[in-house]
Amino acid sequence: MLELYALGVLEAEEHLDISRHLIGDCKVCNRNLRTAIGLNSAILTSAPEVAATASLRRRVLSGVLPQKASRPWAWIGLAAALAAGAVWTGIDSRNKAAELGEVRREKQFADREVERLNTSFAFLRDPQTRPANSKPGATGPRGTYFISPTGVLLIASNLAALDPGKTYAMWVIPKGQSPKPAGLFRPDANGTAVHFRSEAVDVESAQALALSVEPEAGSAAPTSTPFLITPVVGL
Amino acid sequence: MMTADTERPALFTNVEGAMIQAVQLDRVRTALARLTDRQRQLIELAYFEGLTQTEMADRIQQPLGTVKTWMRGALKVLREELTTPETA
């Protein structure tokens with residue numbers, strides 16, 4: 001009955017017998033007492049879970065009165081229940097902190113990616129930067145197209161600022177056919193643009209890619225002279 | 001696992017401790033489920049109302065000897081469930 005002894009709910013005579021025995025430094029009983037205390041702790045910290053009914057909780061709380069100082073067990077039980085509540089609150093706070101930490105890490109990663117892209121664009125805007133297959137000192141818009149059966153990507157720089165109501169249009173020009181529209185875009189303040197058109201492309205029949213300046217809503221066919229015309233190298 | 005050294009306070013201050021506490025709660029629930037209704041009632045009266053066995057006997061209108069027998073049985077079950085190593 002060491003558990004009841006540790007709880008302080010043994011009858012007075014039994015309590016005294018055990019106390020005398022423990023004072024005698026019985027190693028086995030002292031070890032068993034520590035085990036009993038551990039078991040009590042486990043049961044008491046499960047108080048929010050195993051407190052069977054609301055009426056039981058009311059009885060426990062209403063029974064905790066200052067004049068019952070001779071029954072410190074009541075405070076122990078209540079303290080343990082409050083401690084258990086604090087543990088659950090702490091667990092929830094820790095979960096939220098962990099989620100916030102994860103969001104921060106994702107934002108930091110995204111920030112690094114944006115920084116990397118900005119650095120790339122700055123490199124593109126540098127007047128000394130040119131496609132490796134073009135001559136140094138070339139002026140005017142510069143750009144490189146990438147093409148696959150699933151779309152077309154353009155990375156361009158040195159694009160002129162547009163008048164209001166105007167936009168750039170990308171075109172895929174099939175062999176022996178009219179140019180087909182491949183999306184509209186506007187460059188940033190530095191004249192840099194990354195334009196990606198995600199759609200099926202018949203790469204084998206594509207002859208060239210080009211840009212033109214069009215009205216803001218776009219058009220079915222180029223209404224201005226195409227530029228940055230790049231042939232598509234066939235298979 | 002409850003051992004003679006497991007007398008740490010119920011409050012944990014880290015995530016690992018919270019996980020251990022959750023496992024421990026589960027073990028307590030399992031242990032209490034093994035008790036009879038009478039045994040469980042006596043455990044609640046002792047742990048959550050702080051009654052002595054004499055007071056319990058008076059509360060539930062049973063002989064003191066009967067209460068002591070039930071309580072001994074309840075604590076035996078709880079010790080078996082909560083003070084033996086968990087198996088893998």
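Residues numbered from 1 in each chain as written. Chains lettered and ligands numbered in written order. Predicted model: local features only at pLDDT ≥ 70, side-chain atom pairs only at ≥ 80, totals over all residues. Heavy atoms only, no water.

(A) Quick look at the overall build of chain A. Looking only at helices and strands, chain A features 6 helices and 7 strands. Ordering the α and β elements of chain A from the N terminus gives α-α-α-α-α-α-β-β-β-β-β-β-β. Looking at the 235 residues of chain A, the share that counts as buried comes to 35%. For chain A, the proportion of contacts with a sequence separation of at least 24, taken over those separated by at least 6, is 56%. Only carbon and sulfur atoms are counted for the fraction: they give 60% of the accessible area of chain A, which is about 14200 Å². (Helix = DSSP H or I, 4+ residues; strand = E, 2+ residues; numbered from the N terminus. Buried < 20%, exposed > 50% of the residue type's maximum accessible area, 1.4 Å probe, protein only. Contact = heavy atoms within 4.5 Å. Areas by Shrake-Rupley, 256 points an atom, 1.4 Å probe, with all protein chains shown as cover.)

(B) Inspection of unusual backbone geometry at higher detail. All names here are of chain A. For Asn 158, which is not glycine, the phi dihedral falls at a positive 60°. Here Asn 158 is to be found in the loop between strand S2 (151–157) and strand S3 (166–174). Here Asn 158 falls in the partly exposed class, since its relative accessible area comes to 38%. One non-glycine residue with positive phi stands out, namely Leu 228, at about 50°.

(C) Region of the structure containing the nonpolar core. Core analysis: the biggest nonpolar cluster contains 36 residues, and A:Leu4, B:Ile43, B:Tyr47, B:Met56, B:Met71 and B:Leu78 have the highest contact counts within it. Of all the elements in the fold, those that place two or more residues in this core are helix H1 (2–7), helix H2 (12–23) and helix H3 (27–44) of chain A together with helix H1 (15–33), helix H2 (37–49), helix H3 (53–60) and helix H4 (64–82) of chain B. Ignoring anything within four residues of it in the chain, the contact list for A:Leu4 reads A:Val9, A:Leu10, B:Ala46, B:Gln53, B:Met71 and B:Leu75. Core analysis: the second largest hydrophobic core is formed by 19 residues, A:Leu162, A:Tyr168, A:Val172 and A:Phe227 among them. (Core = buried A, V, L, I, M, F, W, Y, C linked by side-chain atoms within 4.5 Å.)

(D) Quick peek at the packing of H2(B) against H3(B). Residue and element names in this part refer to chain B. Put simply, H2 and H3 touch, their axes get as near as 11 Å, and they point 125° apart. Taken together, the axis directions place H2 and H3 in an arrangement best described as oblique. Handedness of the crossing formed by H2 with H3: right-handed. Across the interface between the two elements, Arg 38, Gln 41, Leu 42, Leu 45, Ala 46 and Glu 49 of H2 pack against Met 56, Arg 59 and Ile 60 of H3. Looking at the contact of H2 with H3, its residues break down into 5 nonpolar, 1 polar and 3 charged. (Axes fitted to C-alpha atoms, helices over the stretch in contact; angles between N-to-C directions. Parallel < 35°, antiparallel > 145°, perpendicular 65-115°, else oblique. Left-handed = near helix turned anticlockwise from the far one by under 90°. Nonpolar A, V, L, I, M, F, W, Y, C, P; charged D, E, K, R; others polar.)

(E) View of the pattern of salt bridges. All names here are of chain B. Across all of its chains, the model carries 12 salt bridges over all chains by this definition. One salt bridge in this structure joins Arg 34 and Glu 81, with 2.7 Å as the shortest N-O distance. Residue Arg 34 is found in the loop between H1 and H2, and its partner Glu 81 is found in helix H4; the two are separated by 47 residues along the sequence. Its relative accessible area of 44% is what places Arg 34 among the partly exposed residues. The residue Arg 40 makes a salt bridge to Asp 37 at a minimum N-O spacing of 3.1 Å. A residue pair is termed a helical-turn pair when its members lie 3 or 4 positions apart in one helix, as Arg 40 and Asp 37 do in helix H2 at 3 residues. Look at the salt bridges and you will find they share partners, linking Arg 34, Lys 76, Glu 80 and Glu 81 into a network. (Salt bridge = Lys/Arg side-chain N within 4 Å of Asp/Glu carboxyl O.)

(F) Molecular detail of the sheet that holds S3(A). All names here are of chain A. Strand order across the open sheet formed by 4 strands is S4-S3-S6-S7, with antiparallel pairing between neighbours. The outermost strands of the open sheet, each flanked by one partner alone, are strand S4 (180–185) and strand S7 (227–231). Ignoring which end each strand starts from, the neighbouring axes of this sheet average 20° apart. Pairing of S3 with strand S6 (residues 206–215), which is carried by 9 bridges, proceeds in the antiparallel orientation. Bridge pairing in S6 links Pro 174 to Ala 206. (Pairing = 2+ DSSP bridges.)

(G) Region of the structure containing the pairing of S3(A). All names here are of chain A. Along S3, 8 of the 9 residues are buried, which leaves the element largely enclosed by surrounding structure. For S3 and S4, the ladder comprises 4 bridges, and the chain directions are antiparallel. Of the residues in S4, the one forming a bridge with Val 172 is Lys 180. The turn linking S3 back onto S4 is made up of 5 residues, and Gly 176 within it adopts a positive phi angle of 65°.

(H) Looking closely at H2(A). Residue and element names in this part refer to chain A. Between its terminal C-alpha atoms H2 stretches 16 Å, which fits the 16 Å expected from 12 residues at 1.5 Å a residue. Along H2, the residues classified as buried are Ile 18, Ser 19 and Leu 22. Take H2 and look down its axis: the buried residues cluster within an arc of 105°, on one side only. In H2, the exposed residues that point more than 90 degrees away from the buried face are Glu 13 and Arg 20. On the buried face of H2, the contacting elements are H1 and H3. Note on H2: the residue one or two positions beyond its end, Asp 25, has a positive phi of about 65°. (Expected span 1.5 Å × (residues − 1). Arc of directions from axis to C-beta.)

(I) Looking closely at the confidence of the model for chain B. Residues and elements named next belong to chain B. This prediction gives chain B a mean pLDDT of 79; 70% of its residues lie at or above 70. Here H1 stands out as the least confident element of chain B, with mean pLDDT 76; H3 is the most confident, with 94. Below a pLDDT of 50 lies the segment residues 1–13, which in the model reaches 34 contacts outside its immediate sequence neighbourhood of four places, other chains included. Confidence estimates for the predicted assembly give a pTM of 0.40 and an ipTM of 0.74. (pLDDT = per-residue confidence, 0-100.)

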